[in-house]
Amino acid sequence: MWGYLMIAPVVIGLAVFYIYPFFDTLVNSFKTIGAFNVSKWCGLANYKKLTTDESLWHTLYNTFRYVIFTVPVTIILSLLLAVLLNTKNLKGRGIYRVIYFLPYVTMATAIAAVWKWMYNGDFGLINYILGLFGIKGQQWVTNPAIAPYSIIVVSIWGSLGYNMIILLAGIQGISPTYYEAAEIDGANFWQRLRYVTLPMLSGAIMINLVFGITYGLKVFDIVYVLTNGGPGHATEVLTTYAFQLYSRGQYGMSSALNSILLLITAIAGVVIVKTLGKQEVQQ
């Protein structure tokens, strides 16, 4: 009885805030919901409308572009930071670790608000600094060609700390004897990184990949605050488009899009875990 009482708060929280909304969204995706919450069963009609919606394919492209650019770059930079911050003769290692980790524990909306000011084309800090060197500033969040990559930069900056901590923990769990043996064999820094560190970090890298891809597919707050999916639909992703559908009263289509997003996220997670899991077993 005491065991059930102990886990009851977590179970109730999961049921109320995750499990029930999931099934409610799934059921609503097969309905047309009108004014005063009057609903009618429509089967796959919402999904059929989405497949013929040109905006959906554009938002899919934006979402996958965001993931493809953000996740690999974040992991590579985080790995390099973790290796550097694991150096024993580096002074102030603890301070550097805290500094790099701070963006992750800061609210994403606050980060996006600060970066939006920095990106401002008229009085932003970035254009001001560029002007000091005689470089012409850009419209970082209002230019359709630049805005998607401006968001990617903010996301990478905000995710470095979390990825770095996981990789750093993995590096510290590697026995020093492996590195000593590699040094005796004449391996340089990059060879030790390639043949010792990376194979031993497959589990940590898998964690970062899973979390990075699932977060990237569901990214909302940074995009919403920085550009709200604009200019035009240049930075519109699946979550912001689902929110736009909901705001226009198209609750059924919004639920259908969220269900599709959940399916894509689940498939991506399973594929990554199985693929890297097999490689880890082979190693």
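The preceding data block contains the structure.
All of these numbers come straight from a predicted model, not from anything done at the bench.

A. Summary view of the overall build of the protein chain. Counting its secondary structure elements, the protein chain contains 13 helices and two strands. For the protein chain, the spread of C-alpha atoms along the principal axes amounts to about 75 × 65 × 40 Å. Put simply, the protein chain has 283 residues, and 37% of those count as buried. Long-range pairs, those at least 24 residues apart, make up 64% of the contacts in the protein chain between residues at least 6 apart in sequence.

B. Expanded view of the environment of leucine 79. Here leucine 79 is to be found in helix 3 (residues 54-85). Dropping the residues within four chain positions of it, leucine 79 is found in contact with Leu167, Leu193, Leu198 and Leu201.

C. Highlighting the nonpolar core. Counting 59 residues, the largest nonpolar core has Trp115, Tyr119, Leu201, Leu226 and Leu257 as the members making the most contacts within it. By residue number, the principal contributor to this core is helix 3, which donates 11 residues. Beyond its immediate chain neighbours, meaning those up to four positions away, leucine 257 contacts Leu50, Leu56, Leu238, Tyr241, Ala242 and Leu245.

D. Representation of the side chain of threonine 227. Inspection of the secondary structure puts threonine 227 in the loop between helix 11 (221-226) and helix 12 (238-247). Residues in contact with threonine 227, not counting those within four places in the same chain, are Val141, Ile151 and Thr235.

E. Structural detail: the packing of aromatic side chains. In the structure shown here, the tally under the stated rule is 15 aromatic pairs. With centroids separated by 5.4 Å and ring planes inclined at 50°, the aromatic side chains of tryptophan 115 and tyrosine 119 adopt a geometry described as tilted. Of this pair, tryptophan 115 and tyrosine 119 are both found in helix 5 (residues 108-119), four residues apart, which corresponds to roughly one turn of the helix. Across this residue pair, the class does not change: tryptophan 115 and tyrosine 119 are buried.

F. Structural view of unusual backbone geometry. Of note, the bond from glycine 230 into proline 231 is cis; its omega dihedral lies within 30 degrees of zero at -5°. Relative to the helices and strands, proline 231 resides in the loop between helix 11 and helix 12. Located in the positive-phi region is asparagine 228, a residue other than glycine, with phi close to 55°. The residue asparagine 228 is located in the loop between helix 11 and helix 12 in this model.

G. Spatial organisation of the packing of helix 5 against helix 7 (residues 147-172). Contact geometry for helix 5 and helix 7: axes closest at 11 Å, N-to-C directions at 135°. The orientation of helix 5 relative to helix 7 falls into the category oblique. As for the relative orientation of helix 5 and helix 7, their crossing is right-handed in sense. Where helix 5 abuts helix 7, its residues Ile111, Trp115 and Tyr119 lie against Ser150, Val153, Val154 and Trp157. Along the lines of polarity and charge, the residues of the contact of helix 5 with helix 7 split into six nonpolar, one polar and no charged.

H. Quick look at the environment of tyrosine 119. Under the relative-accessibility criterion, tyrosine 119 is labelled buried at 4%. For the pair tyrosine 119 and serine 150, spaced 31 residues apart in sequence, the C-alpha to C-alpha distance is 8.3 Å. Other than its neighbours up to four places away in sequence, tyrosine 119 contacts Ile126, Trp140, Val141, Ser150, Val153, Val154 and Leu226.

What counts as what
- Residues numbered from 1 in each chain as written.
- Predicted model: local features only at pLDDT ≥ 70, side-chain atom pairs only at ≥ 80, totals over all residues.
- Heavy atoms only, no water.
- Helix = DSSP H or I, 4+ residues; strand = E, 2+ residues; numbered from the N terminus.
- Buried < 20%, exposed > 50% of the residue type's maximum accessible area, 1.4 Å probe, protein only.
- Contact = heavy atoms within 4.5 Å.
- Core = buried A, V, L, I, M, F, W, Y, C linked by side-chain atoms within 4.5 Å.
- Phe/Tyr/Trp six-rings, centres within 6.5 Å; stacked < 30°, edge-to-face > 60°.
- Axes fitted to C-alpha atoms, helices over the stretch in contact; angles between N-to-C directions.
- Parallel < 35°, antiparallel > 145°, perpendicular 65-115°, else oblique.
- Left-handed = near helix turned anticlockwise from the far one by under 90°.
- Nonpolar A, V, L, I, M, F, W, Y, C, P; charged D, E, K, R; others polar.

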